[in-house]
Amino acid sequence: MPVKKKLSFFIPNLENALELPFVAGGIKAGFPSPAIDFEDNKMSLDKFLVKNHEATFYAKADGDSMTGAGIDDGDIMIIDRSLEPADNKIAVCCIDGEFTVKRIKINKDGIYLIPENKDFQPIQVTESNQFIVWGIVTYVIKGI
């Protein structure tokens, strides 16, 4: 059975956001195009990725239960606590005192937390569980 790991949470620091040069026109991923000069466009990823500053947190993914959804060990998830949980959303949940990130599945049989890796089993949420949806994952920042 896979080992349970803990999530580490971080709060965005928007007051000291780092603005870096931004190529607004995009860079071709197909055939090369003539080089373009950097314009004076700058952006902060914090300001771009965080929609609700008061309710957003970052967390580092720890484990591989969500690899099929593109969330790998070490990725940084942006989590918005102001969004409503809904069927098929990827959520950070606290179940029986432990945090996990899973896809929410709601059907007539109840609520399930669905991993995106065949090596893990779905978790059925029952009345005997202490359960809360802590927030909805809105973006994932990948490493290379």
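All figures in this text were calculated on a predicted structure; none of them were measured in a lab.

Asker: Account for the overall build of the protein chain, naming residues and giving values.
Answerer: Secondary structure assignment for the protein chain yields 1 helix and 10 strands. In sequence order, the protein chain lays out its α and β elements as β-β-β-α-β-β-β-β-β-β-β. For the protein chain, buried positions account for 29% of its 144 residues. Taking all contacts inside the protein chain whose residues are at least 6 apart in sequence as the whole, residues at least 24 apart take part in 58%.

Asker: Please give an account of the nonpolar core that cites residues and values.
Answerer: Within the largest apolar cluster, 12 residues are counted, these being F57, A59, A61, M66, I71, M77, I79, I90, V92, V101, W134 and V137. Those elements that provide at least two residues to this core are β4 (56–60), β5 (76–80), β6 (90–95) and β10 (131–141). Membership of the second largest hydrophobic core comes to 7 residues, among which are A91, C93, I104 and I136.

Asker: So, the environment of P85: which residues are in play, and what are the values?
Answerer: Tracing the backbone shows P85 in the loop between β5 and β6. Between the alpha carbons of P85 and I136 there is a distance of 6.8 Å; along the sequence they are 51 residues apart.

Cut-offs used in this document
- Residues numbered from 1 in each chain as written.
- Predicted model: local features only at pLDDT ≥ 70, side-chain atom pairs only at ≥ 80, totals over all residues.
- Heavy atoms only, no water.
- Helix = DSSP H or I, 4+ residues; strand = E, 2+ residues; numbered from the N terminus.
- Buried < 20%, exposed > 50% of the residue type's maximum accessible area, 1.4 Å probe, protein only.
- Contact = heavy atoms within 4.5 Å.
- Core = buried A, V, L, I, M, F, W, Y, C linked by side-chain atoms within 4.5 Å.

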